[in-house]
Amino acid sequence: MKSPGIHSRLLVTAFLVISLTAVTLGSIGVKMFHDFVQNRFEERFEFLARYLALNSELGILIDQRSMLSQLAENLLAEEDVARVLIYNNADESLAEASKVIPGPYATVESPVRLKASSEESQAFLWVFSSPSSGESMDIIGKVRIVYSTSQINRLLKTFPVWYLWFTAGLAVLCLVIFFFISRSLVAPLTRLANAARKVGAGDLQRRTLPGNIPETREVSLAFNAMLDSLERGRKAVEAANQEMARQNLLAEMGKFSMMIAHEIKNPLGIIKSSFDLLKKDPADPSNSILFEYIEEEIQRINGLIEDFLSFAKPAKPSFRVVDANGLLRDCL
């Protein structure tokens, strides 16, 4: 099985890191968003309950049910409020208003207190104060608000789905970006490997582009320098081989020249001896043998010279069919 390359390993590592980071941050973010929205939603209705209790004090004291009903109706204008009830301290319902909205529902209550001071400014500040602030208060009734949690539940259920799609899209975008970054890192190494294979196949003129990344640029330059050095070494070896071949040829020519000189010297000696004998007695009938010796040796010298010329400048061979058995017998 082929081992995965650097490009594949980088992509798998990036996918795992991005996925793990997205899941971790997503879990924390969804939990924080859930708690924040849930608390703000509940605090909103607690504030509405305190506000209604503050405005219901006078209506409960003078038993003005129409005013209390108007307060309850006004509170129904809030989108998520399903039902409003106002009670006196005997738990008798003084006002009630409701509307039909989808559930589920939750309830919040707030007591209606009688304050020692009737100043309007202090009554308004009471909304933002704690019940244990030290003011003299008596409970004269209570208000109850029933509200729907369907929208907040829908939002809390929808938000993780939105976040999942958002993180998935962001992860895909990061992977695409990382893919191009990784490819730009691996591409010079791939080109270097392809160049090495082509050089190994015999393309010694192949060179690689340095690229823009410092590390891969250094590797490419070193690879090109190595190929240049190998090319210079190859040329030096070829030059040395050519010189060696030339020296061998000269040596062979020297040997051949010595052999030719030796082979020509013998016939010349015979010819010279024959001429010396002819000079002593030109009219001797036996001189015809000497002329034959001279003619044979001259032909021998001519044959040697022709062989030497053929060796120096070989002629185009002329092929013909021969009897191999007869050739072997001639050689024997």
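Heads up: the structure comes first, above all this text.
Residues numbered from 1 in each chain as written. Predicted model: local features only at pLDDT ≥ 70, side-chain atom pairs only at ≥ 80, totals over all residues. Heavy atoms only, no water.

Visitor: Sorry if this is basic, but what is going on with the overall build of the chain here?
Guide: When its secondary structure is counted, the chain shows seven helices and four strands. Along its sequence from the N terminus, the chain presents helices and strands in the succession α-α-β-β-β-α-β-α-α-α-α. With 332 residues in all, the chain has 24% of them scored as buried. For the chain, long-range pairs separated by at least 24 residues make up 69% of all intrachain contacts whose partners lie at least 6 apart in sequence. Roughly 23200 Å² of accessible area belongs to the chain as shown, and the carbon and sulfur atoms make up 63% of that amount. (Helix = DSSP H or I, 4+ residues; strand = E, 2+ residues; numbered from the N terminus. Buried < 20%, exposed > 50% of the residue type's maximum accessible area, 1.4 Å probe, protein only. Contact = heavy atoms within 4.5 Å. Areas by Shrake-Rupley, 256 points an atom, 1.4 Å probe, with all protein chains shown as cover.)

Visitor: In this structure, what is going on with the packing of aromatic side chains? I would like to understand it.
Guide: Any aromatic ring pair is given by two values, namely how distant the centres are and how the planes are angled relative to each other. Enumeration over the complete set of coordinates arrives at four aromatic pairs. With centroids separated by 5.7 Å and ring planes inclined at 65°, the aromatic side chains of Phe41 and Tyr147 adopt a geometry described as edge-to-face. Separated by 106 residues along the polypeptide, Phe41 in helix α1 (residues 6-61) and Tyr147 in strand β4 (residues 137-148) bring together distant segments of the chain. An aromatic cluster is built from Phe41, Phe45 and Tyr147, whose rings are joined through pairwise contacts. Over the aromatic face of Phe45 sits the side chain of Arg44, whose NZ or CZ is 4.8 Å from the ring centroid. Above the plane of the ring of Tyr87 lies Lys142, whose end atom (NZ or CZ) is 5.5 Å from the centre. (Phe/Tyr/Trp six-rings, centres within 6.5 Å; stacked < 30°, edge-to-face > 60°. Lys NZ or Arg CZ within 6 Å of the ring centre and 35° of its normal.)

Visitor: Looking at this structure, I do not really get the pattern of salt bridges. What am I missing?
Guide: If the charged atoms of two oppositely charged side chains come close together, the side chains can form a pair. For the coordinates displayed, the defined rule picks out 11 salt bridges. Of the charged contacts in the structure, one is a salt bridge between Arg65 and Glu92, with a shortest N-O distance of 2.8 Å. Here Arg65, found in helix α2 (residues 65-75), pairs with Glu92, found in the loop between β1 (81-88) and β2 (93-98); they are 27 residues apart in sequence, far enough to count as distant. Overall, the relative accessible area of 34% leaves Arg65 in the partly exposed class. (Salt bridge = Lys/Arg side-chain N within 4 Å of Asp/Glu carboxyl O.)

It is worth stressing that arrangement in space is one thing and function is another; only the former is reported here.
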